[in-house]
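This is what each chain is made of:
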Number of protein chains: 4
Amino acid sequence: MFETEVIEVKKVKMKSPILIEGLPGIGLVGKIAADHLIREIKAEKVADLISPHFPHQVIMQKNGVMRMIKNRFYHYNGKKNDLLILVGDVQAVTSEAQYEVTGKMLDYAQKKGVKFIITLGGYGTGRVQPSPRVFGIVTHKPLVERFKKHGIIFGEAKGSIIGAAGLLLGMGKVRGMQGLCLMGETHGGFVDPKSAQAVLETLSKILEIKVDTKKLDERAKESEAFAKKMEKEALAAKGMPIEHTKHDLSYIR
Amino acid sequence: MFETEVIEVKKVKMKSPILIEGLPGIGLVGKIAADHLIREIKAEKVADLISPHFPHQVIMQKNGVMRMIKNRFYHYNGKKNDLLILVGDVQAVTSEAQYEVTGKMLDYAQKKGVKFIITLGGYGTGRVQPSPRVFGIVTHKPLVERFKKHGIIFGEAKGSIIGAAGLLLGMGKVRGMQGLCLMGETHGGFVDPKSAQAVLETLSKILEIKVDTKKLDERAKESEAFAKKMEKEALAAKGMPIEHTKHDLSYIR
Amino acid sequence: MFETEVIEVKKVKMKSPILIEGLPGIGLVGKIAADHLIREIKAEKVADLISPHFPHQVIMQKNGVMRMIKNRFYHYNGKKNDLLILVGDVQAVTSEAQYEVTGKMLDYAQKKGVKFIITLGGYGTGRVQPSPRVFGIVTHKPLVERFKKHGIIFGEAKGSIIGAAGLLLGMGKVRGMQGLCLMGETHGGFVDPKSAQAVLETLSKILEIKVDTKKLDERAKESEAFAKKMEKEALAAKGMPIEHTKHDLSYIR
Amino acid sequence: MFETEVIEVKKVKMKSPILIEGLPGIGLVGKIAADHLIREIKAEKVADLISPHFPHQVIMQKNGVMRMIKNRFYHYNGKKNDLLILVGDVQAVTSEAQYEVTGKMLDYAQKKGVKFIITLGGYGTGRVQPSPRVFGIVTHKPLVERFKKHGIIFGEAKGSIIGAAGLLLGMGKVRGMQGLCLMGETHGGFVDPKSAQAVLETLSKILEIKVDTKKLDERAKESEAFAKKMEKEALAAKGMPIEHTKHDLSYIR
């Protein structure tokens, strides 16, 4: 295995599935939202994605068993549309790797019938918001009108979307897919469960499913702890002293 | 998609087309000249080039719609020769990537019948010139005489030509193509519409087409603003603090 | 040769072989243990592994003959199980390269019939232990019980296993193999023959073979000297001044 | 073209050719010796080697014509053995690239019938020698005796040989070829024509050809000037200020 690989662990026929992506990024907003969604709606794991572009490490679990660093696809049996939810430990680091891994994600999503993608992330403003807004960006102009009604703000977010949240839409569009990126307003310098909650509430309105967000805070803490551990390990792997890490938040990307 | 890809959006039969390249480089001279040329002669977009060697980001546009980072080919219906004009947001960053992307550009150009290439760029001198001269470098010795008559200065520019402006000629020559690089004299430390104008005027003499350069200045400002934004994003993508950028002009390459 | 290559120098039919890995890593624990094992049980070299992901250097030997930087596989004719022991000068440096090289190692191991892997390494604690413990991590839950009886401690080691010791198990598991990583407690800041001895004693209990560890100390010194030389050369190759190396122990990874 | 490519410009049948390599390296010793050899014996260019692993630049020549950065093969019609001499502007920079490029060099050499390789380089000692000695390293033990008689010193040089001078022998050996590396004693911190002369004199004894070394000094100056220019350009390509270069000699590798 020298290329990124999607290993299907359960073959499921999916009904017009929508791909939902929530990988680690700014404020861990997308990750927290997607991880919480999976647990609340009891989505079922259908595939693992492993990649030579992830760190060359395996994780030691408390029970004495190791596991590879990976991304995971979950399936949820929806009313109108099934959901294919993409979560994971990390994103590929280099630019070339992001394109390669995103391509493999889309290959699998297309094979399962995905035609629409919703990516979740944070939009860093450098300020703390008591009630974070949710910004949107779409692949095709007519989608702006369709999603505006859910309170999503269009035309205000500027700059660019880095990583899978952006590339899945960009490369998906090239393949004839449509999509939406939901970005929760966030400071950018720390983990933000409030922003994740705002994104998740908007998403649940779009998908017309109910998601209880009561336990979101405590799960955010688990996510943060794991992200910090990954960051530490990454530094150790590079031979950098772990003591220097302190309150380094560069993992929140 | 893991390789650079040229996506033809309009199939056009071209009449002995000349490839004109103006991607971001020193002083943005080539980019400003080519962008202005496209708009003034109303050239029509025929292909997009996307690449895993470009930044792993998508650009958020004011209308709420995203777009990928890319290079673009435009077509112009000339009298003797059609023009195939190559412009874009960025150049690939690493050396290997430059060779790969340039190869794909030449594949497409050859498919459309290109046998001659003119690349546009700046030649940094560290000095500000009131009326910048235009230096030339060619792929084959006899071309020196042919282009000297247009006031292009040969034999004075030293060193090497970095990026697509040089490699398109070098790799094109290996494929049996001929070409010319036009370099406007420029300081090197800032965006230089005056140098771009000198290059464009020389180019229009060679091509025997008229190009109004009145609006060139204001378009140069757009180019500069966009280049600065790209630079900022690139730093953000690397987790570098944006505050440090200040007046960093390293994007002018 | 642009890919990693395993060059079989002796074709041997192996009896249910177990792969034992001991490449350079934290405190050189795994390397010292495996190098010592090979010499004591008089294992025989069966294959070389060379890779473009190793340093672009050849080593000058005292006899005036050069040799490539490589990893080596040794074979030992065991009672129940044969052993296929993997040792070497270096590990690949980048993450992508580790995945590629590990894949080639597993290809060869599978071809020889390997179904079980034991990797050897150190577990850095930042403290010096008079009698270092041995920690274990397995690929499958039931193996915990099986190996506990040998005094191996499960569930205490945290974080992740970097490099071949981890990836061989992780990628091997994907291919249906099982495995165990033995980690000797070590400070992490220097070469640790005592920890290597603890690991080797545990390993010999598991394999039910006798290994004399008397000469282990002096061999550890050879390993350390070689590792230091490699480090120096690596710095020289990067154009870094060798004087700065001093007591840099970053090679102990 | 995305891979390294050898472009044969003249097809010549060669008589048991020996490959002689002299690319840029420590003190430019190998390069000066090989460049001088080519001119004195009037060897004829038979092939160019271009590579995406070379800098993404083209060189502007005084006559107004550009050329790619490349390595070159020259042919010389010898009495017993023909010579195939490899010289060039640069070596590939990364480790992976060195393996790839060296592989392509060997492909071509094998196609022309090469079975023996002599690589030329410097051996840095940090001291200036009035009459530099020549050290040797061979691929196979019996060659030590064979070359000792020419005054070459074996068993004294330690450490490793970096780049093409080492890899050509190492990878050639894997393909069943034999070879010798000649290293002129040199300080390591500056260009050393004296050391190049010592190497060239030893080489001419081995090859039983006469080479006048009178003009070697002045040619060494050209080599140094070109190497400095390349270094400057390389820094400029990375966006580094050229002012900082001063007396940086890191190009001498």
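Sequence positions are assigned chain by chain, starting from 1 and proceeding in written order. Chain labels run from A onward and ligand labels from 1 onward, assigned in the order the entries are written. Note on the predicted model: pLDDT of at least 70 is required for a residue's local features to be given, and 80 or more for side-chain atom pairs to be given and counted; whole-chain, interface and lining totals, by contrast, use all residues.

### Comments concerning the overall build of chain A
Only DSSP runs of H or I reaching four residues or more are called helices, and only runs of E reaching two or more are called strands; each is numbered from the N terminus. A count of helices and strands for chain A gives six helices and twelve strands. The atom set for the radius of gyration is the C-alpha atoms, and the globule formula is 2.2 Å times the number of residues raised to the power 0.38. Compactness check: chain A gives a C-alpha radius of gyration of 17 Å against a globular reference of 18 Å for 253 residues, within 12% of the reference. Taking the principal axes of its C-alpha atoms as reference, chain A extends roughly 50 × 45 × 35 Å. Counts of 20 or more other C-beta atoms within 10 Å of a residue's own C-beta define buried residues, counts of 12 or fewer define exposed ones, and intermediate counts define partly exposed ones; C-beta atoms are placed from the backbone. Looking at chain A residue by residue over its 253 residues, the buried ones come to 52%. Contacts are defined on C-beta atoms placed from the backbone: any two residues whose C-beta positions lie within 7 Å are in contact. Within chain A, contacts between residues separated by at least 24 positions form 75% of all contacts whose residues are at least 6 apart in sequence.

### Remarks on helix H4 (residues 164-174) of chain B
All names here are of chain B. For H4, the tally of buried residues reaches ten of eleven residues, placing the bulk of the element in the interior. All buried positions along H4 are accounted for by Ala164, Ala165, Gly166, Leu167, Leu168, Leu169, Gly170, Met171, Gly172 and Lys173. One or two steps after H4, the chain reaches glycine 176, where phi turns positive at roughly 90°.

### What about the environment of D:Asn71?
All names here are of chain D. Here asparagine 71 lies in strand E6 (residues 71-76). For asparagine 71, a count of 25 C-beta atoms within 10 Å corresponds to the buried category. On a C-alpha basis, the gap between asparagine 71 and glycine 103 in space is 14 Å, while along the polypeptide they are 32 residues apart. Excluding anything up to four places from it in sequence, asparagine 71 contacts Leu23, Leu49, Leu86, Val87 and Gly88.

### Focus on the relation of the copies chain A and chain B
To line up the copies, we fit them by least squares on C-alpha atoms, keeping just the residues with pLDDT of at least 70 in both. Here chain A sits on chain B after a turn of 90° about the axis and a move of 0.0 Å along it, with an RMSD of 0.0 Å. The operation mapping one copy onto its partner corresponds to a four-fold rotation axis.

### Concerning the interface of chain B and chain D
Of the residues lining the interface, 30 residues belong to chain B; the matching set on chain D comes to 22 residues. For the side of chain B that touches chain D, the elements supplying multiple residues, two or more each, are helix H2 (95-111), strand E9 (134-138), strand E11 (160-162) and H4 of chain B. Gly falls in the polar group here, along with every residue not listed as nonpolar (Ala, Val, Leu, Ile, Met, Phe, Trp, Tyr, Cys, Pro) or charged (Asp, Glu, Lys, Arg). Across the side of chain B that touches chain D, the residue classes break down as twelve nonpolar, 13 polar and five charged.

### Quick word on the sheet that holds strand E9 (residues 134-138) of chain C
Residue and element names in this part refer to chain C. When DSSP finds at least two bridges between two strands, those strands are taken to pair. Read across the open sheet, the nine strands follow the order E1-E3-E6-E7-E2-E8-E12-E9-E10; overall the sheet is mixed. Two strands in the sheet have a free side with no partner beyond their single neighbour: strand E1 (5-8) and strand E10 (153-154). Taken together, the four bridges between strand E2 (residues 18-21) and strand E8 (residues 116-124) define a ladder with parallel strand orientation. The residue bridging glutamate 21 from the neighbouring strand is threonine 119, located in E8.

### Regarding the environment of C:His150
Residue and element names in this part refer to chain C. For histidine 150, the location among the structural elements is in the loop between helix H3 (142-148) and E10. Judged by local crowding, histidine 150 falls into the partly exposed class, with 16 C-beta atoms found within 10 Å. What histidine 150 contacts, discounting residues up to four positions off in sequence, is Thr202, Lys205 and Ile206.

### Here's the deal with unusual backbone geometry
With the exception of glycine, most residues fall at negative phi, and the peptide bonds are largely trans. The backbone of B:Lys42 shows a phi angle near 55°, a positive value even though the residue is not glycine. Owing to 9 C-beta atoms within 10 Å, B:Lys42 belongs among the exposed residues under this scheme.

### Describing the sheet that holds strand E12 (residues 178-186) of chain A
All names here are of chain A. With mixed pairing, the nine strands of this open sheet are ordered in space as E1-E3-E6-E7-E2-E8-E12-E9-E10. Of all the strands in the sheet, just strand E1 (5-8) and strand E10 (153-154) have a single pairing partner and so form its edges. Strand direction decides the pairing type here: strand E6 (residues 71-76) and strand E7 (residues 83-88), joined by six bridges, are antiparallel. Across the sheet, tyrosine 74 pairs through a bridge with isoleucine 85, a residue of E7. Axis definition: a line fitted to C-alpha atoms, over the contacting stretch in the case of helices. Angles run 0 to 180 degrees between N-to-C directions. The sheet strands contacting helix H2 (residues 95-111) are E1, strand E2 (18-21), strand E3 (44-50), E6 and E7, and the helix crosses E3 at an angle near 145°.

### As for the interface of chain A and chain B
Counting from both sides, the interface comprises 30 residues of chain A and, opposite them, 22 residues of chain B. Of all elements in the fold, only H2, strand E9 (134-138), strand E11 (160-162) and helix H4 (164-174) of chain A reach the threshold of two or more residues within the side of chain A that touches chain B. Considering only residue class, the side of chain A that touches chain B consists of twelve nonpolar, 13 polar and five charged. Pairing of E11(A) with strand E4 (residues 57-60) of chain B, which is carried by three bridges, proceeds in the antiparallel orientation. Following the sheet pairing, A:Ile161 is matched in E4(B) by B:Val58.

### Some details on helix H1 (residues 29-40) of chain D
Residue and element names in this part refer to chain D. Compared with an ideal rise of 1.5 Å per residue, which puts twelve residues at 16 Å, H1 spans 17 Å between its outermost C-alpha atoms and is within 8% of the ideal. Along H1, ten of the twelve residues are buried, which leaves the element largely enclosed by surrounding structure. Among the residues of H1, those classed as buried are Val29, Gly30, Lys31, Ile32, Ala33, Ala34, Asp35, His36, Leu37 and Ile38. Looking one or two residues past H1, lysine 42 carries a phi angle of roughly 55°, positive in sign. One less than the residue count of a helix, multiplied by 1.5 Å, gives the span that helix is expected to have.

### Some thoughts on the packing of helix H2 (residues 95-111) of chain C against helix H4 (residues 164-174) of chain C
Residues and elements named next belong to chain C. Where H2 contacts H4, the two axes come as close as 10 Å, and the packing angle between them is 60°. Regarding the angle of H2 to H4, the classification is oblique. Relative to H4, H2 is oriented so that their crossing is right-handed. The residues of H4 that touch H2, namely those facing Gln98, Tyr99, Thr102, Gly103, Met105 and Leu106, are Ala164, Leu167, Leu168, Met171 and Gly172. Taken together, the residues of the contact of H2 with H4 break down into seven nonpolar, four polar and no charged. Oblique is the label for any angle not under 35 degrees, not over 145, and not in the 65 to 115 range, which are roughly parallel, roughly antiparallel and roughly perpendicular in turn. With the far helix as reference, a near helix turned anticlockwise by less than a right angle produces a left-handed crossing, and one turned clockwise produces a right-handed crossing.

### Points about the pairing of E7(A)
Both faces of the sheet carry side chains from a regular strand, because those side chains alternate between them. Residues and elements named next belong to chain A. Within E7, six of the six residues are buried, which leaves it mostly tucked inside the rest of the structure. Side chains of E7 alternate between two faces, with Leu83, Ile85 and Val87 and Leu84, Leu86 and Gly88 buried alike. Across four bridges, the pairing between E2 and E7 is parallel. Across the sheet, glutamate 21 pairs through a bridge with leucine 86, a residue of E7. Hairpin connection of E6 to E7: six residues between the antiparallel strands.

### Focus: the nonpolar core
Each nonpolar core comprises buried Ala, Val, Leu, Ile, Met, Phe, Trp, Tyr and Cys residues, the members being joined through C-beta atoms within 7 Å. If you look at the biggest cluster of nonpolar residues, it comprises 297 residues, and the most contacted ones within it are A:Ile85, B:Ile85, C:Ile85 and D:Ile85. Excluding anything up to four places from it in sequence, A:Ile85 contacts A:Ile20, A:Ala34, A:Leu37, A:Ile38, A:Ala43, A:Phe73, A:Tyr74 and A:Tyr76.

### Considerations on the environment of A:Gln57
Residue and element names in this part refer to chain A. Among the secondary structure elements, glutamine 57 is positioned in strand E4 (residues 57-60). The class of glutamine 57 is buried, set by 25 C-beta atoms lying within 10 Å. Residues glutamine 57 and phenylalanine 2, 55 residues apart in the sequence, show an inter-C-alpha distance of 15 Å.

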